[in-house]
Amino acid sequence: MDGSVMVGRGTRGAAVFIQIVFILLLSARSSRAQKGDGCGHTVLGVGSGSLASLGYPLSYPSNSVCEWEISVSPGQTIRVHIADLDINKNNCQVSYLRLYKGIGLGRSEIVKFCGEREWRDALVSEGHQITVQFMSGPHSRERGLFLSYSTSQHTDLITCLEKGEHFTEAEFSKFCPAGCLTDFGEVSGTIPHGYRDSSPLCLAGIHAGVVTNTLGGQISVVSSKGIPHYESSLANNVTSVAGNLSPSLFTFKTSGCYGTLGLESGVVSGSQITASSVWEWGGHGKEPTIWGPTGARLKTRGRPWAAANSDIKEWIQVDLKKEKRITGITTTGSTLSEYQFYVSAYEVLYSHDGQQWNGCQEVGSDKNKIFQGNTNYLQEVRNNFIPPIEARFIRICPYQWHQRIALKMELLGCQPHTARPRIFHSAPPPPRGRSTAPPLQERTTRTPNVRNTTMTPHSHDEVALVAVLVPVLVVVLMTPVLVIVCSWLWKNRKSPEATYDLPHWERTVWWKSMKQLLPSKLDGDECVRYSSTAQVDHQRPRLEPAEYAHPLVSGTMASLGQRSTFKPEDGDDPEYDAPIPPEHYHAYAEPLPASGVEYATPIMIDRANHLSGGTLPFRGRGLLARTDSSQSANSAYDTPKSTSDQATTTEGQLYQVPQNTHNAPCQKTD
């Protein structure tokens, strides 16, 4: 029994000894990879990395040295790209940069740089191991060294210092090395709005979640016109600052798997969100408030989830009901100014069945990754999972917090690209006489409708949407045009009745009556001479050569018109606006003779010889008048023309004459 105990102890002691030796070997290997007092920022990744002298980009210390030993997989070579080398050029014996083939004592020198510009070109080693040696002597204010490397297969390698403004292409692809998460780079902007062109490409790629600091990776960049303002945000340990307008910006092409998975929208129900504990708090004599897990939805008002204890054993998890491809997570604190709680660091666990849990780890590491959380209670912080996680359950385990564990969150991702194969069992033979074709619904598999993801919608849905929207837009745009055209046509419509080229108000009976009440147009010393050359308006209908006078109004005096005869008021006879049948001829309203055009001649008389008001009586004889016709002066003027069958006018008949001044000049009207 004692021997068995001793054996057990001996075995355990040997295991511990082996572990210690293994750790010492690893530490020795890591100490050989970088040594000296002049080493600064250094990340030596699996296939790429970046390194800098101490103090870069401000100033490196004088009389210092640093060596880096770089190794890649056997059979590959190393491509070195020097981003910056600013050293004292006056003394190349103590200030220089050397590259050696191999490591250790058997190494051989490849090249030596003394600060001139010959280092701008990339170098490719002959083997899979090189040594980089940086030596500094006395100097004033030089910056030092910064370089990046990768395997030679990445011919498009760039350094961590390359910015968007250094490239003029609209679209291009480059390889970013590991180690570009530096404390001297500055990024402005965020995805998907874009990054300012003054931002380093690889650092912006880490912020966007397309590459990692420990691995690097390929980026696909798209350049476009700049925007007036760039937002600030914290993502993947990179803080982007607010930026002003720039000539151009750049963004990254991604797989599109960055949609929300339903916490904010409510697709994930409250029963799918559970937690290890819930904080209940209330004042004296008040009902306690519950800070349950259903409050852990991003961008929703109210209290968040808060744990009952401040312990690293607390957790909150989400059941997505089926496996999803999860690419990231966004968190905030309490968002309540009176309760400024937030989680500043956390771990992420995932599971397929809710029983066995795995931690999210960096590539090449066996430890769970600690994600940087929030720095205040209000700002959103995003962390991406590279490579993505495919799981059904996600659990967040707080690691550090401020005052109390409390958070709101949203998961980012999409459906997995590859579905698990389906297993079909052979069905029993169908009965004789029935169709062997399965029903249509049994041959169709439904695709689950996942909301709030960035999956591209089906093309048939797009066609149906366009087919509905296009006619609606056409109708909406054409309706105002049709209304305007109809309104214009309604305002400019024409009356169907014949107008004879006269205004509408002159064709009314009311105006014909009122026109006779108005004073004559012949005022003052004016008179009218009727010309035999006057032409009738071409638009006026010419039914017959004869025209007839309108009836006069009692007690008034009407103005003379072209080619008019006069009819004294004699009872309620019909108006003489049109030719009168022979049986209705009046003695004083007969048509003019057909032998020629004759006109009535105005009779000149002094107004002073007549009484005011009423008509001006005169007799046909003894009046002196002038006319353009060839008739003698003794003829009676302004009397109806009589035919041989009708009696001539008597001496006692009265006629109206237009009022005018005596011996005034006459105007000829056409």
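Residues numbered from 1 in each chain as written. Predicted model: local features only at pLDDT ≥ 70, side-chain atom pairs only at ≥ 80, totals over all residues. Heavy atoms only, no water.

Engineer: Sorry, what's going on with the overall build of the chain here?
Structural biologist: Helix and strand content of the chain: four helices and 30 strands. Burial analysis of the chain (670 residues in total) assigns 36% to the buried set. Contacts in the chain between residues far apart in sequence, at least 24 positions, make up 76% of those at least 6 positions apart. As presented, the chain carries roughly 40,300 Å² of accessible surface, and 54% of it is formed by carbon and sulfur atoms. (Helix = DSSP H or I, 4+ residues; strand = E, 2+ residues; numbered from the N terminus. Buried < 20%, exposed > 50% of the residue type's maximum accessible area, 1.4 Å probe, protein only. Contact = heavy atoms within 4.5 Å. Areas by Shrake-Rupley, 256 points an atom, 1.4 Å probe, with all protein chains shown as cover.)

Engineer: Looking at this model, I keep getting lost on the side chain of Q272. Mind explaining?
Structural biologist: The topology assignment puts Q272 in the loop between β18 (259–260) and β19 (273–275). Take Q272: its relative accessible area is 9%, and that puts it in the buried class. A distance of 3.1 Å separates polar atoms of two side chains, one belonging to Q272 and the other to S269. Among residues more than four places away in sequence, those in contact with Q272 are V267, Q317, V318, D319, L320 and K321. (Polar contact = N/O pair within 3.5 Å; in protein donor to acceptor, adjacent residues only side chain to side chain.)

Engineer: Just to check I follow, could you spell out unusual backbone geometry for this structure?
Structural biologist: When glycine is set aside, most residues are seen to have a negative phi, and most peptide bonds are trans. A cis amide bond, omega 10°, links Y56 with the succeeding residue P57. Structurally, P57 is set in the loop between β3 (48–53) and β4 (64–71). The peptide bond linking I386 to P387 adopts the cis configuration, its omega dihedral lying at 0°. Here P387 is to be found in strand β27 (residues 381–402). Notably, N237 is not glycine yet its phi reads approximately 70°, a positive angle. Here Q403, not a glycine, exhibits a phi torsion of approximately 70°, which is positive. By the secondary structure assignment, Q403 is in the loop between β27 and β28 (406–414).

Engineer: I'm lost on the pairing of β27 in this one. Help?
Structural biologist: Two faces belong to every sheet, and in a regular strand the side chains alternate between them. Bridge count for strand β15 (residues 233–235) against β27 is two bridges, and the pairing is parallel. Bridging from a neighbouring strand, A235 pairs with R382 of β27. In the sheet, strand β23 (residues 316–332) pairs with β27 via 11 bridges, with the strands oriented antiparallel. Considered in β27, the bridge of Q317 is made with R395. (Pairing = 2+ DSSP bridges.)

Engineer: What's the story with the sheet that holds strand β9 (residues 129–136) in this structure? I'm lost.
Structural biologist: Consider a sheet: its strands pair through backbone hydrogen bonds, and that pairing is either parallel or antiparallel. Across the sheet, five strands lie side by side as β1-β4-β9-β6-β7; this open sheet has antiparallel pairing. Here the strands that pair on one side only, and so sit at the sheet edges, are β1 (34–36) and β7 (108–113). The sheet shows a mean angle of 15° between the axes of neighbouring strands, taken without regard to direction. Bridge count between strand β6 (residues 96–101) and β9: six bridges; the pairing is antiparallel. Directly across from L97, in β9, lies its bridge partner F134. (Axes fitted to C-alpha atoms, helices over the stretch in contact; angles between N-to-C directions.)

Engineer: Help me understand the packing of aromatic side chains, please; the structure alone is not making it clear to me.
Structural biologist: Each aromatic ring pair is summarised here by two numbers: the centre-to-centre distance and the angle between the ring planes. The tally for this structure, following the rule as stated, stands at 18 aromatic pairs. Through a chain of ring-to-ring contacts, three or more aromatic side chains come together here, namely W279, W281, W291, Y339 and F341. Over the face of the ring belonging to Y96 we find R98, whose NZ or CZ atom lies 4.8 Å from the ring centre. (Phe/Tyr/Trp six-rings, centres within 6.5 Å; stacked < 30°, edge-to-face > 60°. Lys NZ or Arg CZ within 6 Å of the ring centre and 35° of its normal.)

Engineer: Help me understand the pattern of salt bridges in this model?
Structural biologist: Side-chain pairs of opposite charge can arise whenever the charged atoms involved come near each other. A full pass over the atoms with the stated rule returns nine salt bridges. Between R143 and D86 there is a salt bridge, with the nearest N and O atoms lying 3.4 Å from each other. With R143 in the loop between β9 and β10 (144–151) and D86 in strand β5 (residues 78–86), this pair connects stretches of sequence that are 57 residues apart. Here R143 falls in the partly exposed class, since its relative accessible area comes to 33%. Of the charged contacts in the structure, one is a salt bridge between E171 and K253, with a shortest N-O distance of 2.9 Å. Separated by 82 residues along the polypeptide, E171 in strand β11 (residues 171–176) and K253 in the loop between β17 (248–252) and β18 bring together distant segments of the chain. One salt-bridge network, in which partners are shared between bridges, spans D84, D86 and R143. (Salt bridge = Lys/Arg side-chain N within 4 Å of Asp/Glu carboxyl O.)

Engineer: Just checking my understanding: could you explain the state of the cysteines for this structure?
Structural biologist: Such a bond, covalent and formed between the sulfur atoms of two cysteines, is termed a disulfide. Throughout the structure, instances matching the rule amount to five disulfides. Disulfide partner of C92: C114, at an S-S distance of 1.4 Å. Here C92 is found in the loop between β5 and β6, whereas its partner C114 is found in the loop between β7 and β8 (123–124), with 22 residues between them in sequence. Using a relative accessible area of 22% as the deciding quantity, one classes C92 as partly exposed. Between the sulfur of C160 and that of C180 lies a disulfide, 2.0 Å long from S to S. In this structure, the disulfide formed by C160 and C180 twists by about -80° around the S-S bond and is classed as left-handed. With C160 in the loop between β10 and β11 and C180 in the loop between β11 and β12 (187–190), this residue pair connects regions lying 20 residues apart in the sequence. Overall, C160 belongs to the buried group, its relative accessible area being 5%. (Disulfide = S-S within 2.5 Å.)

Engineer: Sorry, what's going on with a nonpolar patch on the surface here?
Structural biologist: A cluster of nonpolar residues, V466, V470, V474, M478, V481, L482, V485, W488 and L489, forms a patch on the protein surface that exposes about 840 Å² of accessible area. With relative accessibility at 55%, the residue W488 sits in the exposed group. (Patch = residues over 30% accessible without salt bridge, like charges linked within 9 Å, V, L, I, M, F, W, Y side chains within 5 Å.)

Engineer: Which parts of the structure should I look at to understand the sheet that holds β8?
Structural biologist: Taken together, the five strands give an open sheet; going across it, the order is β2-β3-β10-β5-β8, and neighbouring strands pair in antiparallel fashion. Of all strands in the sheet, those bounded by a partner on one side alone are β2 (39–44) and β8. With two bridges connecting them, β5 and β8 associate as antiparallel partners. For R79, the partnering residue across the bridge sits in β8 and is V124.

Engineer: Would you mind going over helix α2 (residues 201–208) with me for this structure?
Structural biologist: Across the eight residues of α2, eight count as buried, placing the element largely inside the fold. Residues of α2 that are buried include every one of L201, C202, L203, A204, G205, I206, H207 and A208, and no others. G209 occupies a position one or two residues after α2 and carries a positive phi of about 90°.

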